[in-house]
Amino acid sequence: MSNLTILPIIIPMLAGIIVAFTNSRVKITRALTKLLTIISLVVAMIVTYSVFTDGTIILETGDWVAPYGIILVADKLSILLILTTNIIATAAVFYAPHSLTLKQETHYFYTFYFMLIAGVSGAFLTGDLFNLFVFFEVLLMASYALIVLGGDRVQLRESIKYVLINLFSSMLFVTAVALLYGAVGTINMAQIAERVAEVEQDGILTTIAVLLFFVFGTKAALFPLYYWLPRPYIVPNPVVSALFGALLTKVGIYSILRVFSLIFVHRMEITHEAFIWIAGLSMLFGVIGALSTNNIKLIISYNIIPAIGFIIMGIGIFNQDALSGSIYYLIHDMIIKSALFLLVGVIAYVAGTSDLTKMKGLIHHYPVIGWLLFISAFILAGIPPFSGFIGKLLLLKGAVTADEIVITIIALLSSLLILYSVMKIFIRGFWGEKDDTKNYTKKASLGLILPIAGLLAVSVFLGVGAEFVYPSIEGIAEYLLDPQIYIDSVLKE
Amino acid sequence: MEYIILILAGILFATAIYNLLQKQLLRIIIGTVLLSHGAHLVILTMGKLKRGQPPILDDAVTDYTDPLPQALILTSIVISFGITSLLLVLAYRTAQENKTDNIEEMRGEPNE
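Residues numbered from 1 in each chain as written. Chains lettered and ligands numbered in written order. Predicted model: local features only at pLDDT ≥ 70, side-chain atom pairs only at ≥ 80, totals over all residues. Heavy atoms only, no water.

## Points about the interface of chain B and chain A
Filter applied, for reference: For this analysis, residues touch if any pair of their heavy atoms sits within 4.5 Å. What gets called buried area is simply the loss in accessible area from a 1.4 Å probe that two parts show on being joined, summed for both. Each reported salt bridge corresponds to a side-chain nitrogen of Lys or Arg within 4 Å of a carboxyl oxygen of Asp or Glu. Under this definition, polar contacts are N or O atom pairs within 3.5 Å; protein pairs additionally need one hydrogen-donor-capable and one acceptor-capable atom, and for neighbouring residues in sequence, both atoms have to be side-chain atoms. Segments assigned H or I by DSSP are reported as helices when at least four residues long, segments assigned E as strands when at least two residues long, and all are numbered from the N terminus. Nonpolar residues are Ala, Val, Leu, Ile, Met, Phe, Trp, Tyr, Cys and Pro. Charged residues are Asp, Glu, Lys and Arg, and all others, Gly as well, are polar.
Contacts between chain B and chain A engage 38 residues on the former and 34 residues on the latter. Regarding the contact of chain B and chain A, the summed buried area is about 3200 Å², with carbon and sulfur atoms giving 76% of it. Put simply, chain B and chain A have zero salt bridges between them. Where chain B meets chain A, there are one residue pair in polar contact (both at pLDDT 80 or more). At 17 residues, the largest contribution of residues to the side of chain B that touches chain A is made by helix α3 (residues 68-98) of chain B. Here the side of chain B that touches chain A is composed, by residue class, of 22 nonpolar, ten polar and six charged.

## Some remarks on the pattern of salt bridges
All names here are of chain A. The condition is simple: Relative accessibility thresholds used throughout: buried, under 20% of the residue-type maximum; exposed, over 50%; partly exposed, between the two (1.4 Å probe, protein chains only).
In this structure the tally under the stated criterion is nine salt bridges over all chains. For R30, the salt bridge identified is with E105, shortest N-O distance 2.8 Å. Highlighted residues: R30 in helix α2 (residues 26-54) and E105 in helix α4 (residues 102-106), separated in sequence by 75 residues. Overall, the relative accessible area of 24% leaves R30 in the partly exposed class. For E105, a relative accessible area of 3% corresponds to the buried category. D333 serves as the salt-bridge partner of K337, at 2.9 Å between the closest nitrogen and oxygen. One end of the pair is K337 and the other is D333, both in helix α15 (residues 320-351) and four residues apart, which spans about a single turn. Judged by its relative accessible area of 0%, K337 falls in the buried class. One continuous salt-bridge network, built from bridges that share partners, spans R157, E158 and K161.

## Remarks on unusual backbone geometry
All names here are of chain A. The omega angle of the peptide bond from F223 to P224 is -5°, so this bond is cis rather than trans. Within the secondary structure layout, P224 lies in the loop between α9 (203-220) and α10 (230-234). At the junction of P384 and P385, the peptide bond is cis and its omega measures out at 5° in the coordinates. On the secondary structure map, P385 appears in the loop between α16 (367-381) and α17 (387-401). Phi is positive for Y108, which is not a glycine, with a value near 65°. Counting through the fold element by element, Y108 comes out in the loop between α4 and α5 (109-125). For Y108, a relative accessible area of 39% gives the class partly exposed.

## Considering the environment of G345 of chain A
Its location among the elements puts G345 of chain A in helix α15. Note: C-alpha distance between G345 of chain A and E60 of chain A (285 residues apart in sequence) is 42 Å.

## Points about the environment of L149 of chain A
Residue and element names in this part refer to chain A. Mapped onto the fold, L149 is located in the loop between α6 (129-147) and α7 (153-184). Taking relative accessible area as the criterion, L149 reaches 9% and is therefore assigned buried. Here the alpha-carbon distance between L149 and F213, two residues 64 residues apart in the chain, equals 31 Å.

## Details of the pairing of strand β2 (residues 71-74) of chain A
Residues and elements named next belong to chain A. This is how the line gets drawn: A pair of strands is labelled paired if DSSP reports no fewer than 2 bridges between them.
Side chains of β2 alternate between two faces, with I71 and V73 and L72 and A74 buried alike. Judged from the four bridges that link them, strand β1 (residues 57-60) and β2 form a sheet pairing that is antiparallel. Following the sheet pairing, E60 is matched in β2 by I71.

## Some details on α7 of chain A
Residues spaced three or four apart along an α-helix point in a common direction, a consequence of the helix completing one turn every 3.6 residues. Convention followed: A helix's residues, less one, multiplied by 1.5 Å, set its expected span.
Relative to the 46 Å expected for 32 residues at 1.5 Å per residue, α7 of chain A spans 47 Å between its end C-alpha atoms, a close match to the ideal helical length. Across the 32 residues that make up α7 of chain A, a large majority, 26, are buried.

## Let's talk about the packing of aromatic side chains
All names here are of chain A. Test applied: For Phe, Tyr and Trp, where Trp contributes only its six-membered ring, two rings pair if their centres lie within 6.5 Å, and the inter-plane angle classes them as stacked under 30 degrees, edge-to-face over 60, or tilted in between.
Going through the model one piece at a time under the given rule, you end up with 28 aromatic pairs over all chains. Measuring from centroid to centroid gives 6.1 Å for F136 and F216, while their planes differ by 20°, and the two rings are stacked. Highlighted residues: F136 in helix α6 and F216 in helix α9, separated in sequence by 80 residues. Assessed through its relative accessible area of 2%, F136 is described here as buried. A relative accessible area of 0% places F216 in the buried class.

## Re the confidence of the model for chain B
The predicted structure's coordinates, where accompanied by low pLDDT, should not be read in detail. Test applied: What pLDDT reports is the predictor's confidence in each residue, on a scale of 0 through 100.
Mean pLDDT over chain B stands at 87; residues scoring 70 or higher make up 96%. Across chain B, helix α1 (residues 2-20) of chain B holds the top mean pLDDT of 94, while α3 of chain B sits lowest at 92.

## Let's talk about the packing of α17 of chain A against helix α18 (residues 405-430) of chain A
All names here are of chain A. To be explicit about the condition: All axes here are fitted lines through C-alpha atoms, helices being fitted over the stretch that makes contact, and every angle between N-to-C directions spans 0 to 180 degrees. Any angle that is under 35 degrees is reported as roughly parallel, and any over 145 degrees as roughly antiparallel; angles of 65 to 115 degrees are reported as roughly perpendicular and all others as oblique. Should the near helix be turned anticlockwise from the far one by less than a right angle, the crossing is left-handed, and should it be turned clockwise, the crossing is right-handed.
Here α17 crosses α18 at 160°, and the two axes come no closer than 9 Å. Judged by the angle between their axes, α17 and α18 are roughly antiparallel. Our pair here, α17 against α18, has a crossing hand that is left-handed. Along the contact surface, α17 presents K392, L396, A399 and V400, while α18 presents I407, T408, A411, L412 and S415. Each residue belonging to the contact of α17 with α18 can be placed in one class, and the counts come to six nonpolar, two polar and one charged.

Okay, structure coming up:
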């Protein structure tokens, strides 16, 4: 029973090894990848179902009891994120063969793709701070390979910056974990939480907390640590961009959510108060970045930053409504960001350029793409009844309850600007006279459109079916507000 | 003993950051290597530097060596070793393709 927990990690990892062997036969690899991804998705659904019916599942690897061995904890939050990850992975893998070149496919794209999924799932599942670092490295290693896949001049140049900033923050992560180990003598998250609570988080622990926040903030691209993000995310293939945009920064934000709802919750006036300001600045600067450019890929890439701002805002406010809003927004944003990256990839492919000033009247040639973009812009900005609206509504409700008026205004303003920044693609690229000087011969095949439509359908369901989804999310927020539940379930006291 | 090692780790961090702020790619990579050495020394020191005791956890045993930092440091060394070798290859290819190893000249142009 408890072995279910390891399946979301072990299946992609094995799948990655299997497809490495069939690499030279592309057709077999494609079919096998799709099959294995669907198996992984189904397994994720089964594990999610059993977690939601029977409660948290804990795997103590090698039967080493909790504080001593490595443990994997599948609670409602992590398993829901794993399910979302698998949904995105499935969409990406159906999109991939139509978007990648043959050279990229035979250079082990699918292996790295599976390793990335394994790393992300592991980071969500682990209940051990050092293991979190290890899984971060697993997913980063895969991402280093994916970002440079193809080996263009631009890709190489951007990937070196990407690797360097991640390596730097990883080393700080190890140092922070070592210092924390020196201070509390354990790396099991539940036990750290227990011991930090005992000494009521004295000065040194708060310092370590800020160091950890710096590390996760770099990975999650928060203000002022986001400067590395926009450019490296647009240079690889759209599939890779979508996986990065949807998963990598969200692992960072998940770590912040976990660490600052479980371990460091005793000095909120220092840590969580700062989060709210950082959230506001992330929203403003991210959206200014998105407005400043005419490169459609860069617009979407910059839009990651305000989304992260919204999620961290809920963690900073830290009450029932705000936390539910954060979790809702986290899941919503994972799905819509991957859909948008894939969609912009299609637009750049059919238009032959990602420069907005060079395209107009695309709607006459590609009506379906145009309307998909229109819907996704609405979902992203949070127009009711779509999913962004539910998340933002809860966040704003939480903010107003906590008397955080300034951040409420910033959040509303930046939502409006987010809508404009994405709508700009629609207005400038799709509206207007039919451009007869160019002949748009490239067809967007069904294989490119269907995964995007699928992701948007899931996103619409998250919004329209909020009544069905919301109770579970609310349950998670309640669960996060009481760290004792997690500690008791892991340490079995 | 612990203090000496921690000061050494601090010196390593300082030199690492000095090197990371240089413009030449190879120097930056040396900076990351030194940074990981510093981090590893911190891990090792956190378990207290004792020798000759067995790593046993038992109520009767009062004097024991903490085995955990050694497990952590080993994992961390392997990871940083792997990333450093990847980074070297990446830097070599980047320098070849971009015809420069100066990070200042790798800013990029709009809409490429």
